[in-house]
Amino acid sequence: MKITKNTPLKKIIEELVRVSFVSDKLYKPKVDQIIKVLGGLSKGTAIQALSLYLRGIKREVEKSRLVIESAIPLSRRQIDRVEDIISRTHPVFETEVIINPKLLGGIKIKIGDTVFDDSLMHRIEQLREGMVD
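Here's what I pulled together on the structure shown here. Please read all numbers here as calculations on a predicted model, not as lab measurements. (Residues numbered from 1 in each chain as written. Predicted model: local features only at pLDDT ≥ 70, side-chain atom pairs only at ≥ 80, totals over all residues. Heavy atoms only, no water.)

Some remarks on the overall build of the protein chain
For clarity, the cut-off: Only DSSP runs of H or I reaching four residues or more are called helices, and only runs of E reaching two or more are called strands; each is numbered from the N terminus. Each residue gets one of three labels from its accessible area relative to the maximum for its type: buried under 20%, exposed over 50%, partly exposed in between, using a 1.4 Å probe on protein chains only. Here, residues are in contact when the closest pair of their heavy atoms is within 4.5 Å. Computed with a 1.4 Å probe, the accessible areas rest on the Shrake-Rupley method; for each residue, only the protein chains presented here act as cover. We count Lys and Arg on the positive side and Asp and Glu on the negative side, and we leave His and both chain ends out. Charged side chains are reduced to one point each, which is NZ for Lys, CZ for Arg, CG for Asp and CD for Glu.
Counting its regular elements, the protein chain contains 5 helices and 6 strands. For the protein chain, the α and β elements follow one another from N to C terminus as α-β-β-α-α-β-α-β-β-β-α. With the C-alpha coordinates of the protein chain rotated into their principal frame, the extents come out at 60 × 40 × 25 Å. Looking at the 133 residues of the protein chain, the share that counts as buried comes to 26%. Residue pairs at least 24 apart in sequence account for 57% of intrachain contacts in the protein chain once pairs closer than 6 positions are excluded. Only carbon and sulfur atoms are counted for the fraction: they give 56% of the accessible area of the protein chain, which is about 9500 Å². Looking at the protein chain, you have 24 positive and 18 negative side-chain charges, and the mean spots of the two groups are 9 Å apart.

Below, the structure is given as structure tokens:
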């Protein structure tokens, strides 16, 4: 992207967010460098630019945030297995494991906006909906 004096700040920030990731992972030295440059802008522009940049980084990280819900605690091996399977189709930046007894059994996986729900509670809800229809 060629940046000129007339390039909108939003477009510049989008490009800076894009280059902040290497192989779907946040590259801290690049982030530090970008924050330093943006912080050196005039006060009003710096606040706006840093706010847009951090929001963009958060949005990208959330796309790669894996949330695993289970009714019972999972072993490290089970968590690694889920991460391995999901990382074949989605980049995984971080993983959060939640114990949710309301699931009754099974597992619910969320990565970005995608949800895989193989919990017993979900199956019960599907049966209930099928009986009502």
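Considering helix 1 (residues 9-19)
Taken residue by residue, helix 1 has Ile12, Ile13, Glu15, Leu16 and Val17 as its buried positions. Among the structural elements, strand 1 (21-22), helix 2 (28-39) and helix 3 (43-63) are those in contact with the buried residues of helix 1.

What about the nonpolar core?
Selection rule: Residues belong to a common nonpolar core when they are buried Ala, Val, Leu, Ile, Met, Phe, Trp, Tyr or Cys residues joined through side-chain atoms within 4.5 Å.
Core analysis: the biggest nonpolar cluster contains 12 residues, these being Ile12, Ile13, Leu16, Val17, Phe21, Val31, Ile34, Leu38, Ala49, Tyr53, Ile57 and Val61. For this core, the elements supplying multiple residues, two or more each, are helix 1, helix 2 and helix 3. Not counting chain neighbours up to four residues away, the residues in contact with leucine 16 comprise Ile34, Leu38 and Tyr53. If you look at the next biggest cluster of nonpolar residues, it comprises 8 residues, including Leu66, Ile68, Ile79 and Ile86.

Examining the pairing of strand 5 (residues 106-111)
Heads up, the condition is: At least two DSSP bridges between two strands are required for those strands to pair.
Two elements, strand 3 (residues 65-70) and strand 5, share 5 bridges in a ladder whose sense is antiparallel. Of the residues in strand 5, the one forming a bridge with isoleucine 68 is isoleucine 109. Where strand 5 and strand 6 (residues 114-119) come together, 6 bridges link them in antiparallel fashion. In the sheet register, lysine 108 faces strand 6, and the bridge partner there is aspartate 117. Hairpin remark: strand 5 followed by strand 6, antiparallel, with 2 residues in the connecting loop; positive phi at glycine 112, about 60 degrees.

Some details on the side chain of serine 119
By the element assignment, serine 119 lies in strand 6. Relative accessible area serves as the criterion here: at 1%, serine 119 is assigned to the buried category. Residues contacting serine 119, with those up to four places away along its chain left out, are Leu103, Gly105, Gly106 and Ile107.

Things to note about the pairing of strand 4 (residues 94-99)
Residues in a regular strand project their side chains so that they alternate between the two faces of the sheet. Note the threshold: Note on handedness: a clockwise path from strand one over the helix to strand two, with the strands aimed away from the viewer, defines a right-handed crossover.
When strand 3 meets strand 4, the two strands line up parallel, connected through 6 bridges. Within strand 4, the position partnered with valine 67 by the bridge is glutamate 96. Taken together, strand 3, helix 4 (residues 76-86) and strand 4 constitute a β-α-β crossover, and its handedness is right-handed.

Function cannot be inferred from these measures alone, as they are strictly geometric.
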